[in-house]
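A closer look at the structure
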Amino acid sequence: MSQLPAPAGFLAAAKPGTRVVVRYRIEGGLTDALGHLISCGAGDCTVRTRQADVVIPLAAVVAAKEVPPAPERRRPRT
């Protein structure tokens, strides 16, 4: 079995539900996905962000790490 690069290896080893940030290549540059890791397979991983589930090819990942829980949302001022 071939060794995955460090960021992809981290994602493959992380438990589903772990809050992560993943930086990956897109056409024209890089972008980030911040959310909970839903799954990680042989070729891609899925991160649930606030907007949608994002499927990221592991070959496009350049950095990934676990992040702390999101801060609680503030109540609106009255």
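Read on for an overview of the structure. Keep in mind that what you see is a predicted model, and the values were worked out from it rather than measured.

Once that is clear, we can look at helix H1 (residues 6-13). When H1 is considered as a whole, its buried residues turn out to be Pro-7, Ala-8 and Leu-11. The buried side chains of H1 occupy one side of the element, clustering within an arc of 95° when seen end-on. Turned more than 90 degrees away from the buried face of H1, the exposed residues are Ala-6 and Ala-13. Turning to H1, the residues buried within the fold contact strand E1 (19-26), strand E2 (29-40), strand E3 (44-48) and strand E5 (61-66).

A word on the layout of surface pockets. One number sums up the size of the largest pocket: a volume of about 160 Å³. Lining the largest pocket are Arg-19, Leu-34, Gly-35, His-36, Arg-48, Thr-49, Arg-50, Gln-51, Pro-69 and Ala-70. In terms of residues, the lining of the largest pocket owes the most to one element, E2, which gives three residues. When grouped by side-chain class, the residues that make up the lining of the largest pocket number three nonpolar, four polar and three charged.

Moving on: the pairing of E1. Bridge analysis of E1 against E2 gives eight bridges, and the strand direction is antiparallel. Paired with Val-21 across the two strands is Leu-34, which belongs to E2. Between the antiparallel neighbours E1 and E2 lie two residues, among them Gly-28 with a positive phi of about 90°. For E1 and E5, the ladder comprises five bridges, and the chain directions are antiparallel. Its bridge partner lying in E5, Tyr-24 is registered against Val-61.

Attention shifts here to the sheet that holds E1. Ordered by their spatial adjacency, five strands build an open sheet running E4-E3-E2-E1-E5, and the pairing between neighbours is antiparallel. Every other strand in the sheet has two partners, leaving strand E4 (53-57) and E5 as the edge strands with one partner each. Each neighbouring strand pair of the sheet contributes to a mean axis angle of 40°, computed without reference to strand direction. Contacts from H1 reach E1, E2, E3 and E5 within the one sheet, and its direction differs from that of E5 by about 45°.

When E3 meets E4, the two strands line up antiparallel, connected through five bridges. Looking at the pairing, Asp-44 lines up with Pro-57 of E4. Hairpin connection, E3 to E4: the antiparallel pair is bridged by four residues.

Each value, and the rule that gives it
Residues numbered from 1 in each chain as written. Predicted model: local features only at pLDDT ≥ 70, side-chain atom pairs only at ≥ 80, totals over all residues. Heavy atoms only, no water. Buried < 20%, exposed > 50% of the residue type's maximum accessible area, 1.4 Å probe, protein only. Helix = DSSP H or I, 4+ residues; strand = E, 2+ residues; numbered from the N terminus. Arc of directions from axis to C-beta. Contact = heavy atoms within 4.5 Å. 1 Å grid on protein atoms, 1.4 Å probe; cavity = no way out; pocket = protein on both sides within 12 Å on 5 of 7 lines; lining within 4 Å. Points joined across faces, edges and corners; volume = space filled by probe spheres on them. Nonpolar A, V, L, I, M, F, W, Y, C, P; charged D, E, K, R; others polar. Pairing = 2+ DSSP bridges. Axes fitted to C-alpha atoms, helices over the stretch in contact; angles between N-to-C directions.

Taken by themselves, the reported measurements are silent on function.
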